Amino acid sequence: MKAPLITLRNRKTPTGEFRVAAEAIAEILAKEALRRAHKEKITDTKKVILVPILRAGLVLLPAFMKKFPEAPVGFIGLKRNETTLKPKAYYQNIPKVSKSDKVILLDPMLATGGSAVTAITALVKDGAQEKNITFVGVISAPEGLLKLQTKFPQIDMLVAVHDEKLDKNGYIVPGLGDFGDRYFGTK
Ligand code: PRP
Ligand code: URA
């Protein structure tokens, strides 16, 4: 297999190969998240809550469930409006979060940062401590990184690659297009 990120970036990659490459990156990220958890002496995976942002965050979930086998899973459904780029919330189901729980928020793309900020705001409102939240992504844009780090300076970040910028439509450059559409074969 070619380096998975090259496969993801190639707009001609068919859906099946895109899925394989995305899942390979998910494995690498999950392994690194587990390494960080062990470093923090977190051994009870019941104390780790996995929260994918629907839809695209679901791509990362199976690899993380394998590495954190007892972790409860919550869901936050957000859809970016393609004109305003503001996320619209359509679903939320977050399990009980205690102050000491570690929360791993999963979303492959950090573009304007609007979705991640909305999700973290909801997690903090539900009792998560900002310092106990890790954002896990595949690609980030500087605009999203800046927004996230400004609003939530204490969160931990685990992102495979930092890209150059956003284009005028709010897509990451060079990026890979719309992750959810490419993974789920909806475009
Ligand atoms: C994509 C992506 C992020 C969001 C990032 O989801 O998965 O959630 O956009 O953009 P932002 O940083 O500017 O908020 P999208 O809203 O397209 O929904 P989907 O996962 O259902 O495809
Ligand atoms: N969401 C995506 O899936 N891709 C982008 O480039 C920006 C937001």
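Anything mentioned here points back to the structure above.
Throughout what follows, the structure given in this document is the object of discussion. Worth saying up front: this structure is predicted, and the values here are computed from it rather than measured. Starting from 1, residues in each chain are numbered consecutively following that chain's sequence as written. Written order determines the labels here, with chains lettered from A and ligands numbered from 1. The model is predicted, so local features are restricted to residues of pLDDT at least 70 and side-chain atom pairs to those at 80 or more, both for listing and for counting; the totals for chains, interfaces and linings are taken over all residues. Side-chain metrics in this entry use all non-hydrogen atoms of the structure; hydrogen atoms and water are not considered.

1. A word on the overall build of the chain
Numbered from the N terminus, helices here are DSSP runs of H or I no shorter than four residues, and strands are runs of E no shorter than two. Looking only at helices and strands, the chain has six helices and nine strands in total. Here the radius of gyration uses the C-alpha set of atoms, whereas the globule reference equals 2.2 Å times the residue count to the power 0.38. Whereas a compact globule of 187 residues would reach a radius of gyration of roughly 16 Å, the chain reaches 16 Å, a difference of no more than 12%. Once the C-alpha set of the chain is aligned to its principal axes, its extents read approximately 45 × 35 × 25 Å. Whether a residue is buried, partly exposed or exposed follows from its accessible area with a 1.4 Å probe, protein chains only, as a fraction of its type maximum: under 20%, in between, or over 50%, in that order. In the chain, which comprises 187 residues, the share counted as buried stands at 50%. When checking whether two residues touch, look at their non-hydrogen atoms; a contact exists if any pair is within 4.5 Å. Partitioning the contacts of the chain with sequence separation of at least 6, the portion at a separation of at least 24 is 65%. What sets the accessible areas is the Shrake-Rupley method with a 1.4 Å probe; for residues, cover comes only from the shown protein chains. Working note: accessible area of the chain is about 9600 Å², and carbon and sulfur atoms make up 56% of it. The convention is simple: Lys and Arg are positive, Asp and Glu are negative, and His and the chain ends are not counted. To locate a charge, the coordinates of NZ of Lys, CZ of Arg, CG of Asp or CD of Glu are taken. In the chain, the 30 positive side-chain charges and the 19 negative ones have mean positions that sit 1 Å from each other.

2. A short note on empty space enclosed by the protein
Any empty space left between atoms is shown by rolling a water-sized probe over those atoms. Any residue with an atom within 4 Å of a point lines the site, the site being either a cavity, points on a 1 Å grid over the protein atoms alone where a 1.4 Å probe fits but cannot get out, or a pocket, an open set with protein on both sides within 12 Å along at least 5 of 7 lines. Grid points are joined across faces, edges and corners, and a volume is the space filled by probe spheres set on the points. Summed over all chains, the structure comprises one cavity of 30 Å³ or more. Looking at the largest cavity, its volume works out to about 70 Å³. In this structure, the largest cavity is lined by A33, R36, A37, E40, V48, F68, K102, I104, T134 and D156. Going through the elements one at a time, helix 2 (15-39) and strand 4 (102-106) are the ones with two or more residues in the lining of the largest cavity. Looking at the lining of the largest cavity element by element, the count peaks at three residues for helix 2. For this scheme, ten residues count as nonpolar: Ala, Val, Leu, Ile, Met, Phe, Trp, Tyr, Cys and Pro. Four count as charged, namely Asp, Glu, Lys and Arg, and the remainder, Gly too, count as polar. Split by residue class, the lining of the largest cavity holds five nonpolar, one polar and four charged.

3. Some words on the packing of helix 4 (residues 114-125) against helix 5 (residues 142-151)
Interhelical geometry of helix 4 versus helix 5 gives an angle of 25° and a closest axis separation of 9 Å. In terms of their interaxial angle, helix 4 and helix 5 are classed as roughly parallel. Along this stretch, helix 4 crosses helix 5, giving a crossing that reads as right-handed. Seen from helix 4, the contacting residues are G114, A116, V117 and I120; seen from helix 5, they are K147, L148 and K151. Of the residues assigned to the contact of helix 4 with helix 5, the class counts are four nonpolar, one polar and two charged. To define axes, lines are fitted to C-alpha atoms, for helices over the stretch in contact only, and angles between the resulting N-to-C directions are given on a 0 to 180 degree scale. For classification, angles of less than 35 degrees are called roughly parallel, those exceeding 145 degrees roughly antiparallel, those between 65 and 115 degrees roughly perpendicular, and all remaining angles oblique. We call a crossing left-handed when the near helix sits turned anticlockwise from the far one by less than a right angle, and right-handed when that turn is clockwise.

4. Focus on the site of ligand 2
Every residue near ligand 2 is listed here: R80, M109, A111, G170, Y171, I172, G177, D178 and F179. At 2.8 Å, a backbone N or O of I172 approaches an oxygen atom of ligand 2. Polar contacts, as counted here, are pairs of nitrogen or oxygen atoms within 3.5 Å of one another; within protein the pair requires one atom able to donate a hydrogen and one able to accept it, and residues that are adjacent in sequence qualify only if both atoms are side-chain atoms. Residue F179 places a main-chain N or O atom 2.9 Å away from an oxygen atom belonging to ligand 2. Compared with its free state, where it exposes 240 Å², ligand 2 has 88% of that area covered by protein. Here ligand 2 is seated within the largest pocket. Residue composition of the shell around ligand 2, by class: five nonpolar, two polar and two charged. Any residue with a heavy atom positioned within 4 Å of a molecule or strand is treated as near that molecule or strand. To decide whether a molecule occupies a pocket or cavity, check its atoms: if more than half lie within 2 Å of the grid points, it is inside.

5. Regarding the pattern of salt bridges
In what follows, salt bridge is the name for a side-chain nitrogen of Lys or Arg lying within 4 Å of a carboxyl oxygen of Asp or Glu. According to the stated counting rule, one finds nine salt bridges in the structure shown. The partner of D181 in a salt bridge is K187, with the nearest N and O atoms 3.5 Å apart. Taking the relative accessible area as the measure of exposure, D181 reaches 9% and is therefore buried. According to the relative accessible area criterion, K187 is exposed, its value standing at 77%. Salt bridges linked by common partners bring E32, R35, R36 and D156 together as one network.

6. A look at helix 5
Restricting attention to buried positions, one finds in helix 5 the residues G144, L145 and L148. End-on, the buried residues of helix 5 take up no more than an arc of 100°, which puts them together on one face. Within helix 5, the exposed residues directed more than 90 degrees away from the buried face are L146 and T150. Where helix 5 is buried, its residues touch strand 5 (109-110), helix 4, strand 6 (133-140) and strand 7 (156-162). Here the arc refers to the set of directions running from the helix axis out to each C-beta atom.

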